[in-house]
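The residues making up each chain are set out below.
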Amino acid sequence: MTKKVLMLAAKANMIQQFNHRNIGILQGLGYEVHVATNMVDFGSMSSEEDERFKQWMINHDVIAHQIDFERRMGSLKGNLRSIKQLRRLFQQYDFTFTHVHSPLGSILGRLVAKQFKVPTIYTAHGFHFFKGGPKSGWLVFYPLEWLFSFITDTLITINDEDYTLAKKHMHAKHIVKINGIGVDVEKAWRVTDEEKQEARKRVRQELNIPEDAFLISSVGELSDRKNHRVVLQALKEMTPEQRQNIYYIIAGTGANGAMLNELAESFDFGEHFKLLGYRSDVHDINYASDVFVFPSVQEGLGVAGLDATVDGTYILGTTRRGISDYIISGLNGEKFIPNDFLQLKELLIITLNAVRTEDPLLFLSKFDKKSIDKKMVYVYKCTINS
């Protein structure tokens, strides 16, 4: 009989964005992979991406199960419904172990897995409580994570701050740190200067941005958490002369687009500010940019910022956990307090006139996807053999 494993998250975007390679690893270890998630209310991706993900699962022999997880932490009625659906799933299939993600999915998944005596791996993609974070996170999520750590076999953290906290306060049988989901560092370092210049020229021509303009870019959902507003606030504090040759572009979709456009128009920056929507060529955008700004107020690790610095783009990122793991001040970027637009303004002015090299930074090799995958293979094998 084929061994079976369950990959579980409340929303499909968590599986789609972070677990393609994990699914491949599990299949390589001989497992039939099942995915339990909400593919109707699928989270922060478009309906087109959701359909592509469903087709990807079909093409890769992944068995998908619809679980009606609600948003955020859900309602009592909705969570009871999800638990009932999960119980039916565990009754139908004899899972060797389950790998859970997201706060709601991980809690309900671990609860049901414990009932059926199925070992559980939990990846915390950034605890919802962190240094400088809101008190509500510590009051609500810390007690939940602490309590459910007692029924967790392996807890995976993806940044230094969460790992330190987990080792001190959580009670999972095993606690490990893995440097995010991994990016293709080796491939990025093989891109030639000529290829980067061609991409820079192509993107700037497409967006009608002059070759000699100073281009700031960001990548991420247009949301309060991603905090792009602070970049425009910093630009607003500059004199017209200081920002006359500056352009700012954001690749991403979300609810804050209209607000950001209005803010840019309020100081006559509208023609220099461009919302690009979803882009599949973020590496080319990095090559076209003079600086990448990652202003997020909360991240687990922040793949967009990691991609940018691996691509050789200077980065200004917030002091929040995860982001700080790959920014070394004075080497590949600088850090600023998330809502301090005056500090960001000064950093941008300094960056305008800075001369930098784009040599590969060896410390970034620990974020390479090959290194990440090797550690995930180890975690899975340890769970199998425990």
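Above this text you will find the structure in question.
What this report covers is the structure whose coordinates are included nearby. Not measured: the values here are computed from a predicted model. (Residues numbered from 1 in each chain as written. Predicted model: local features only at pLDDT ≥ 70, side-chain atom pairs only at ≥ 80, totals over all residues. Heavy atoms only, no water.)

Some points on the side chain of Asp307
- By the element assignment, Asp307 lies in helix 14 (residues 303-310).
- It is Arg21 that comes nearest to the buried, bridge-free Asp307 among opposite-charge side chains, at 9.6 Å.
- Sequence-distant contacts of Asp307, defined by excluding residues within four places in its chain, comprise Val183, His283 and Asn286. (Helix = DSSP H or I, 4+ residues; strand = E, 2+ residues; numbered from the N terminus. Buried < 20%, exposed > 50% of the residue type's maximum accessible area, 1.4 Å probe, protein only. Lys, Arg positive; Asp, Glu negative; His and termini not counted. Salt bridge = Lys/Arg side-chain N within 4 Å of Asp/Glu carboxyl O. Contact = heavy atoms within 4.5 Å.)

Describing the packing of aromatic side chains
- Scanning all chains against the criterion turns up 15 aromatic pairs.
- Considering the side-chain rings of Phe90 and Phe95, the 5.4 Å spacing of their centres and the 75° angle between planes classify their relative orientation as edge-to-face. The same class applies to Phe90 and to Phe95, which are both buried.
- Ring-pair connections join several aromatic residues into one group, and the members of that group are Phe90, Tyr93, Phe95 and Phe116.
- Residue placement shows Lys3 over the ring face of Tyr31; its charged tip is 4.5 Å from the ring centre.
- Positioned above the aromatic ring of Tyr122 is the side chain of Arg110, whose terminal nitrogen or guanidinium carbon lies 4.1 Å from the ring centre. (Phe/Tyr/Trp six-rings, centres within 6.5 Å; stacked < 30°, edge-to-face > 60°. Lys NZ or Arg CZ within 6 Å of the ring centre and 35° of its normal.)

Structural notes on the sheet that holds strand 7 (residues 174-177)
- An order of 3-2-1-4-5-6-7 is seen for the seven strands of this open sheet, with the pairing classed as parallel. Two strands close off the open sheet at either side, each with one partner strand: strand 3 (63-66) and strand 7. On average, each strand axis in the sheet is inclined to that of its neighbour by 20°, with strand direction left out of account.
- Direction of pairing for strand 1 (residues 3-11) relative to strand 4 (residues 95-101): parallel, over a ladder of five bridges. Across the sheet, the residue bridging to Lys4 is Phe95, located in strand 4.
- Sitting on the sheet, helix 16 (residues 369-385) touches strand 1, strand 2 (31-38), strand 4, strand 5 (120-124), strand 6 (154-157) and strand 7, and the angle it makes with strand 4 is about 135°. (Pairing = 2+ DSSP bridges. Axes fitted to C-alpha atoms, helices over the stretch in contact; angles between N-to-C directions.)

Spatial relationships are all this shows, so hold off on functional conclusions.
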